[in-house]
Amino acid sequence: MALHERWRKFNPFAQAGTSLQCTAGAGGSPWWVAGQGLAAWVCPAIRAGEGEGTGPGCQALPWRGTGQGQARMSAHGLTSGSVAKDVNIFFDELEGVNSPSKDDDSLLHHGNLTSTSDDASRLEVVGEEVPDKNKTNGLYFRDGKCRIDYILVYRKSNPQTEKREVFERNIRAEGLQMEKESSLTNSDIIFVKLHAPWEVLGKYAELMNVRMPFRRKIYYLHRRYKFMNRIEKQISRFRGWLPRKPMKLDKETLPDLEENDCYTAPFSQQRIHHFIIHNKDTFFNNATRSRIVHHILQRVKYEEGKNKIGLNRLLSNGSYEAAFPLHEGSYRSKNSIRTHGAENHRHLLYECWASWGVWYKYQPLDLVRRYFGEKIGLYFAWLGWYTGMLFPAAFIGLFVFLYGVTTLNHCQVSKEVCQATDIIMCPICDKYCPFMRLSDSCVYAKVTHLFDNGATVFFAVFMAVWATVFLEFWKRRRAVIAYDWDLIDWEEEEEEIRPQFEAKYSKKERMNPISGKPEPYQAFADKCSRLVVSASGIFFMICVVIAAVFGIVIYRVVTVSTFAAFKWALIRNNSQVATTGTAVCINFCIIMLLNVLYEKVALFLTNLEQPRTESEWENSFTLKMFLFQFVNLNSSTFYIAFFLGRFTGHPGAYLRLINRWRLEECHPSGCLIDLCMQMGIIMVLKQTWNNFMELGYPLIQNWWTRRKLRQEYGTQRKTSFPQWEKDYNLQPMNAYGLFDEYLEMILQFGFTTIFVAAFPLAPLLALLNNIIEIRLDAYKFVTQWRRPLASRAKDIGIWYGILEGIGILSVITNAFVIAVTSDFIPRLVYAYKYGPCAGQGEAGQKCMVGYVNASLSVFLVSDFENRSEPTSNGSEFSGSPLKYCRYRDYRDPPHSPVPYGYTLQFWHVLAARLAFIIVFEHLVFCIKHLISYLIPDLPKDLRDRMRREKYLIQEMMYEAELERLQKERKERKKNGKSYHNEWP
């Protein structure tokens, strides 16, 4: 049969008088014929009942999505199989013979819309008015009726033309409408605009189990006692006198998000009359439409073969350069949002969420979820919850710091250090470091008291409990969000196998127990060998981190002597502080450089493991990157907290690196000041750098792009760019999605909890950073990035397990910081055992008299090693050479039977430290588990609401079905038809 005859046969508009009839299936609506991956139009004259239409005036193409069942064409007597075969042949021949290439310049006009769907423009309904705004805002097709749901971008110079042609032909066969346009700035760039008609949206929404609103919620009040009602009335009356809550958003500016006030159910075309459909254009919001289109694109073939399918593969092989949904217009407006309202949801998000002027207000999470999807909405919900929970932690940490400030003048230890002008300390390095008075470290002793005081232990216990409460209440908050966003019963679809996994193991197959289809299979021995190699790589990179820390240790050892001999008195007198400060800055630079290396190594090791699905790949990559960056960021901190000054030996018998460099000692006031400097500098620099890279880098890139466009086309021409052109010039979202956002916050959570006993101001710094971070991330998502694809998620994924692990580690590290790094235990032992109040059960400041002298040992200067002997003899202190100097340790004097041996007080302190660690850990872990047990994961009122909603949904569905059947019965009686044994 000739091609033109076949076309006339199947096209009712090409042959007048030909009538085609479709036989409806059991559901009462017509069926469409399905071919091998291509859907053919059979009967355009019959609409799908209440599900008809593609929006006001938006004409459907003469090909529709795949349906179920079979159709018969009574006018021609053809079966569905022959129709499908002929129509598929028609598509192949029409595309291959009669139509020019999709990349041909004859189809494209610079800056003009050119539709590849000829019927879409030819079959417009005459007399239907289209707003001019729709034609100019870049969100619709040329006709101004069909909204753009997705954008594909490719270059004409790309050689993958054939794959694109097949892919686009199959896209149209699935029912999607398409238009193309060349870029205004580069004629080589082609934009492919996609629109999903109503029939396609309805069919795939049903296949994807998209939940849609069908009945407004009925709110009910709990039964309350009269006494509680009176109390609530009094509280509400008192609140009336208080000012309006400034953190709440103005409800008048926010749109009425209908899906949050309605019961929802999986969409069904057969029960379409149950759902609330005011306008078919807006029934599926833009994020849902884009998600449905993306779902279709991921399942369309571009080449013959089992694995030649999906948009992701075309993006990876370079056939398409980019793929993204459009933003809903500009985020700025000439008119005020208060007087004229929001132009679109993007404008509303900018004014109510991403603007710096609303930094103190709550986030509009429902609007964020509607615009960006549940996965991004959950991230901002978690970030907002974490920031809110930081308020009590920051307040208590600030209280501990202020307590140290107020008690500074009453601290007996710092008083003794400041008054110890007659105590001469031994040099802290070889040769060039001089003898020094203990009173010279008065400032450092006072600063140490600000962080190491009586409230430190309480704060450490509080933070360990806080971490547990934060996680437990987040589970409750997540449950409420999951209920409000219809994620309770949502389950992830069976994931597709990664193309790399398929290519590697395509020869070995086994049956999938879920789908029942054969799929590539990785042998157990191969998987184990790859995991062993990956674990070896992780171990090697951790060794690289340790080597970097070792390099920093050598730098500190060498530099302290150099600074001690420096010409400038300021540096010479503060050589240890200068050494610590410069070492921290160098360590930060090494951390940032190694992070770049770790990302490449983690990517290589993850690909080496060959994970089966994308979620497995993401979890494996996340775990490696977190492990690398956590060790990289905290290794130096662990060294300062637990190793610095612990294994140095004593004067006359110092321990040395490679028998050359003397290990660094702590300051006479202790090592806690070094730990505070390390945490403060690293935390501030890391957060500042992250904020710059998150916002500053995209801002600079987008500014440079806009600058080039202004130079080439002028300011007026740039403002007239369509929306797809503007979005294409924005930066794409990170390749790893929300990984960088979560990683930054998780590492900050580690800093806030793990060493918080040494730096109580860490929660305050984290709080200030997060207040900025929320608005910074919001500004970035709304203004600087292309709109990411809306995707669903039930929780924050593997990050929750990592947070629990950090919470457990924080208990252990804080126990060791208090017991080993701080002087809390030595002071306690002195007060109860060796001080003036020994045996009295008291431990006040009066009991600490003489503590400084008791914590210092005596050394005979003549016992110095030759390479450790200082250049000065200390005659500047007393006019004659020094005979003795003091150092921090519990050792016997030089003239005792065992010179420089450990005293009994040393063993008492060591036993007390070990006992404290055991008691502290067991006590805090018991409290943590008790809190976890007492706090249920699901709030009781939410559990009751879920049960009642389930009951009401069943009742509503039953009533709606009963009402429909009764209407049908009445209609049958009117038509004179009667049926026996009807129900009801």
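Please read all numbers here as calculations on a predicted model, not as lab measurements.

Novice: In this structure, what is going on with the confidence of the model for the chain? I would like to understand it.
Specialist: A residue-level look at the chain finds 77% of positions with pLDDT of 70 or above and a mean pLDDT of 76. Within the model, pLDDT remains below 50 along residues 220-224, and this stretch shows six contacts once partners closer than five positions in the same chain are excluded. Contacts of residues 979-984 to residues separated by more than four positions or lying in other chains number ten contacts, the stretch itself having pLDDT below 50.

Novice: Sorry if this is basic, but what is going on with the state of the cysteines here?
Specialist: Among covalent bonds in proteins, the disulfide is the one between the sulfur atoms of two cysteines. Inspection of the entire model under this criterion finds three disulfides. Two residues share a disulfide in this structure: cysteine 426 and cysteine 885, whose sulfurs sit 1.9 Å from each other. In this structure, the disulfide formed by cysteine 426 and cysteine 885 twists by about 85° around the S-S bond and is classed as right-handed. With cysteine 426 in the loop between β10 (424-425) and β11 (436-437) and cysteine 885 in strand β19 (residues 884-888), this residue pair connects regions lying 459 residues apart in the sequence. There is no split in this pair, since cysteine 426 and cysteine 885 are both buried. The partner cysteine of cysteine 837 in its disulfide is cysteine 847, sulfur to sulfur 2.0 Å. Disulfide cysteine 837-cysteine 847: torsion about the S-S bond near -85°, hence left-handed. With a gap of ten residues between them, cysteine 837 in the loop between α28 (824-834) and α29 (851-854) and cysteine 847 in the loop between α28 and α29 connect regions that are remote in the sequence. Each member of the pair, cysteine 837 together with cysteine 847, is buried.

Novice: Explanation requested: a nonpolar patch on the surface in the structure shown.
Specialist: Residues Tyr834, Tyr902, Leu904, Trp907, Leu910 and Leu914 make up a contiguous nonpolar surface patch of about 600 Å² in total accessible area. Top element by residues in the nonpolar patch is helix α31 (residues 904-934). It accounts for four residues. On the secondary structure map, tyrosine 902 appears in the loop between β19 and α31.

Novice: How do you make sense of empty space enclosed by the protein when you look at a structure like this?
Specialist: If you roll a probe as big as a water molecule over the atoms, it shows you where there is empty space left. As enumerated under the stated definition, the model contains eight cavities of 30 Å³ or more in all. In this structure, the largest cavity encloses a volume near 110 Å³. Around the largest cavity sit Leu633, Ile682, Met683, Lys686, Gln687, Asn690, Glu744, Met745, Leu747, Gln748, Phe751 and Asn769, which together line it. Put simply, the parts of the chain that give the lining of the largest cavity at least two residues each are α23 (672-719) and α25 (739-754). For the lining of the largest cavity, the residue count by class is six nonpolar, four polar and two charged.

Novice: Before we go on, may I ask you to explain unusual backbone geometry in this structure?
Specialist: Across the chain, the bulk of peptide bonds are trans and the bulk of non-glycine residues have phi less than zero. A positive phi is found at aspartate 486, a non-glycine position, where the angle reads about 60°. Mapped onto the fold, aspartate 486 is located in the loop between α17 (456-484) and α18 (499-504). With a relative accessible area of 14%, aspartate 486 lands in the buried category. In this structure, tyrosine 900 takes a positive phi of about 60° despite not being glycine. Tracing the backbone shows tyrosine 900 in the loop between β19 and α31.

Novice: I would appreciate a short explanation of the environment of isoleucine 772 in the present structure.
Specialist: Looking at the element boundaries, isoleucine 772 is found in helix α26 (residues 762-784). For isoleucine 772, a relative accessible area of 41% translates into the label partly exposed. C-alpha separation for the pair isoleucine 772 and tryptophan 356, spaced 416 residues apart in sequence, amounts to 8.6 Å.

Novice: Can you help me understand the packing of aromatic side chains in this one?
Specialist: One pair of aromatic rings is described through two measures. These are the centre distance and the angle between the planes. By the definition in use, this model includes 51 aromatic pairs. For the ring pair tyrosine 742 and tryptophan 799, a centre distance of 5.8 Å and an interplane angle of 20° mean the geometry is stacked. With a gap of 57 residues between them, tyrosine 742 in helix α25 and tryptophan 799 in helix α27 (residues 798-821) connect regions that are remote in the sequence. Tyrosine 742 gets classed as buried once you look at its relative accessible area, which sits at 6%. One cation-aromatic arrangement involves arginine 787 over tyrosine 371; the distance from NZ or CZ to the ring centre is 3.8 Å. Between arginine 891 and the ring centre of tyrosine 902, over which it is positioned, the NZ or CZ distance is 4.3 Å.

Here is what the cut-offs are and how they apply
Residues numbered from 1 in each chain as written. Predicted model: local features only at pLDDT ≥ 70, side-chain atom pairs only at ≥ 80, totals over all residues. Heavy atoms only, no water. pLDDT = per-residue confidence, 0-100. Contact = heavy atoms within 4.5 Å. Disulfide = S-S within 2.5 Å. Helix = DSSP H or I, 4+ residues; strand = E, 2+ residues; numbered from the N terminus. Buried < 20%, exposed > 50% of the residue type's maximum accessible area, 1.4 Å probe, protein only. Patch = residues over 30% accessible without salt bridge, like charges linked within 9 Å, V, L, I, M, F, W, Y side chains within 5 Å. Areas by Shrake-Rupley, 256 points an atom, 1.4 Å probe, with all protein chains shown as cover. Salt bridge = Lys/Arg side-chain N within 4 Å of Asp/Glu carboxyl O. 1 Å grid on protein atoms, 1.4 Å probe; cavity = no way out; pocket = protein on both sides within 12 Å on 5 of 7 lines; lining within 4 Å. Points joined across faces, edges and corners; volume = space filled by probe spheres on them. Nonpolar A, V, L, I, M, F, W, Y, C, P; charged D, E, K, R; others polar. Phe/Tyr/Trp six-rings, centres within 6.5 Å; stacked < 30°, edge-to-face > 60°. Lys NZ or Arg CZ within 6 Å of the ring centre and 35° of its normal.

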